[in-house]
Amino acid sequence: MTTVRQRTILYIEDDPASRTLVARTLAHAGYRVLVAERGLEGIDLARQEKPDLILTDINLPDLSGREVTTRLRGESQFQTTPIVALTAQTLDEFRDIAIAAGITGYLTKPIDIETLPESVEYYLRGGRDTIGPERLSEAQTRYTQEVVGRLEAQIRDLESANNALRRLDKMKDTFIQLTAHELRTPLTLVFGYSRLIEDAAPVRALIQQDANLQVLMKGLQDSIRRMQDIINEILTISRIMTNQIDLSIGAVNPGFLAEQVVSSFEEALKTRAVQVHFDRDGWPDSLRGDADLLLLTLNNLVNNAIKYTPDGGHVYLTASANEHTIQMRVKDTGIGIAPEEQATVFERFHTAGDTQLHSTSKVAFLGGGLGLGLAVCKGIVEAHGGRIWVESPGYDPEKLPGSEFIMELPVNAPPRHPVEVR
Ligand code: ADP
């Protein structure tokens with residue numbers, strides 16, 4: 001006994017009632033029926049399943065049945081596949097345009113379930129609807145115009161959607177900036193009050209007697225400073241984003257900056273077994289740039305190097321220069337960064353790896369952050385007309401391949417360099 005291969009029909013239709021009726025009728029007639037509700041979904045399914053025949057509605061929510069046909073006809077695997085329109089558009093003009101688009105046959109709704117399997121069989125056996133060359137050429141022109149018209153309308157829609165998104169994005173930037181400003185003022189007051197309370201004679205006496213109180217007071221002030229840092233980070237990045245960063249260019253001594261950064265971590269590093277190596281002698285000593293912002297950049301890089309290097313590891317700060325540029329490098333023996341993450345880590349709020357592992361400490365191994373540090377660095381370096389990138393063999397928290405962040409700055413930064421941070 002020979003088995004007849006069951007033939008597959010793909011039906012693209014957005015109307016559920018027609019979909020059910022046709023699918024049932026054809027399944028009952030022995031075909032394997034696949035259904036898609038939209039044109040793009042239909043194209044994907046056709047590529048995946050290579051059906052023996054495609055039945056398509058003309059008016060679909062995304063691409064029309066005609067456009068689906070033209071798209072598929074462009075691929076060699078569908079050049080001879082029967083593609084049949086099943087539509088309520090009964091006028092000859094519509095039929096002609098469908099044929100111009102590459103449709104093999106044209107069936108009109110309402111669907112006649114008695115004759116549908118027969119019609120399908122006709123097209124499966126090679127039957128096709130044809131029109132004379134003159135009508136075909138006229139229909140081709142009308143079809144091209146229709147497609148171009150739709151393309152224009154789509155581009156206009158996308159442009160206006162894009163403009164609306166840009167407006168929203170700007171509003172979001174302004175909102176972030178205003179919120180950060182609003183938070184900064186009361187936080188400064190809280191910090192000031194905590195210092196005043198600490199300095200008040202009776203409190204000072206109590207603190208001196210009670211070690212617990214000292215710890216509480218320090219915890220309170222550290223937390224406030226941490227919040228201030230985050231707010232400042234948000235303000236800096238939002239200035240960079242909105243192109244409001246004003247570099248205060250002056251003579252900068254990179255070696256001195258690095259020295260300041262390294263000594264600022266000395267205290268925090270008492271809780272970590274990470275060694276920071278820095279040899280001031282190898283560092284160039286002159287550059288024109290914004291000292292505060294470059295300090296912040298170097299600080300973020302060293303901070304990350306410490307955060308992403310487990311105990312027992314090392315962080316190296318090195319630099320080199322020629323007459324035009326200076327390169328500052330922060331290298332670590334930490335967890336490394338996967339190649340696909342190496343560009344995106346510089347995006348705002350990018351936090352690679354497992355967020356569950358993040359703690360709230362700033363220097364703790366995998367200590368949490370907002371994912372703003374590197375975006376800030378990139379904005380600052382680019383505002384100086386420089387560039388920043390990372391080199392790492394990959395991410396591996398076991399083998400610890402390490403990462404090296406390199407920032408390259410022109411020796412003479414341009415007065416102001418407009419930047420756009422994404
Ligand atoms: P975060 O506040 O999350 O540290 P950053 O912008 O400073 O934000 O860094 C973004 C991400 O880049 C980090 O979450 C981390 O996954 C990765 N990263 C940054 N520096 C290093 C490094 N030295 N080693 C490994 N991964 C790093």
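For clarity, every value in this text was computed on a predicted model and none was experimentally measured. (Residues numbered from 1 in each chain as written. Predicted model: local features only at pLDDT ≥ 70, side-chain atom pairs only at ≥ 80, totals over all residues. Heavy atoms only, no water.)

## Some points on the packing of helix α6 (residues 133–199) against helix α7 (residues 201–209)
The interhelical angle for the contact between α6 and α7, taken along N-to-C directions, is 75°, at an axis separation of 5 Å. Between α6 and α7, the angle falls in the class roughly perpendicular. Taken together, the residues of α7 that come into contact with α6 (itself represented by Ile197, Glu198 and Asp199) are Ala201, Val203, Arg204 and Ile207. Looking at the contact of α6 with α7 residue by residue, the classes come out as 4 nonpolar, no polar and 3 charged. (Axes fitted to C-alpha atoms, helices over the stretch in contact; angles between N-to-C directions. Helix = DSSP H or I, 4+ residues; strand = E, 2+ residues; numbered from the N terminus. Parallel < 35°, antiparallel > 145°, perpendicular 65-115°, else oblique. Contact = heavy atoms within 4.5 Å. Nonpolar A, V, L, I, M, F, W, Y, C, P; charged D, E, K, R; others polar.)

## Considerations on the sheet that holds strand β10 (residues 325–332)
With respect to topology, 5 strands assemble into an open sheet ordered β7-β9-β10-β12-β11, the strand pairing being mixed. Only two strands of the sheet have a single neighbouring strand rather than two, namely β7 (275–278) and β11 (387–391). Strand-to-strand, the axes of this sheet are offset by a mean angle of 15°, without reference to chain direction. Judged from the 4 bridges that link them, β7 and strand β9 (residues 314–321) form a sheet pairing that is parallel. (Pairing = 2+ DSSP bridges.)

## Notes on the domain arrangement of the chain
Often, the extent of an interface is quoted as the loss of accessible area upon association of its parts. Domain parsing of the chain yields domain 1 (8–131), domain 2 (158–241) and domain 3 (250–410). Spacing between the C-alpha centres of domain 2 and domain 3 amounts to 23 Å. (Domains from an automatic or database assignment.)

## Here we look at the environment of Asn253
Looking at the secondary structure, you find Asn253 in the loop between β6 (250–252) and α9 (254–264). Residue class for Asn253 comes out partly exposed when judged on its relative accessible area of 25%. Considered as a pair, Asn253 and Gly219 are 34 residues apart in the sequence and their alpha carbons are 34 Å apart. When neighbours within four sequence positions are excluded, Asn253 is seen to be in contact with Arg280, Pro284 and Asp285. (Buried < 20%, exposed > 50% of the residue type's maximum accessible area, 1.4 Å probe, protein only.)

## Topic: the packing of aromatic side chains
A full pass over the atoms with the stated rule returns 3 aromatic pairs. For the ring pair Tyr122 and Tyr123, a centre distance of 4.9 Å and an interplane angle of 70° mean the geometry is edge-to-face. The class of Tyr122 is partly exposed, set by a relative accessible area of 43%. The residue whose ring lies beneath Arg387 is Trp389, and the NZ or CZ to ring-centre distance is 4.1 Å. (Phe/Tyr/Trp six-rings, centres within 6.5 Å; stacked < 30°, edge-to-face > 60°. Lys NZ or Arg CZ within 6 Å of the ring centre and 35° of its normal.)

## Let's talk about helix α4 (residues 92–100)
Taken residue by residue, α4 has Asp96, Ile97, Ala98, Ile99 and Ala100 as its buried positions. Positive backbone phi, approximately 115°, marks Gly102, located one or two places after α4.

## Quick look at the sheet that holds strand β3 (residues 53–56)
Picture the strands of a sheet paired through backbone hydrogen bonds; they go either parallel or antiparallel. One open sheet accounts for 5 strands, arranged β2-β1-β3-β4-β5; its pairing is parallel. Strands at the two margins of the open sheet, each flanked by one partner only, are β2 (32–36) and β5 (105–108). Taking the axes of each pair of neighbouring strands and ignoring which way they run, one obtains an average angle of 20° across the sheet. Set on the sheet, helix α2 (residues 39–49) makes contact with β1 (8–12), β2 and β3; between it and β2 the angle comes to about 145°.

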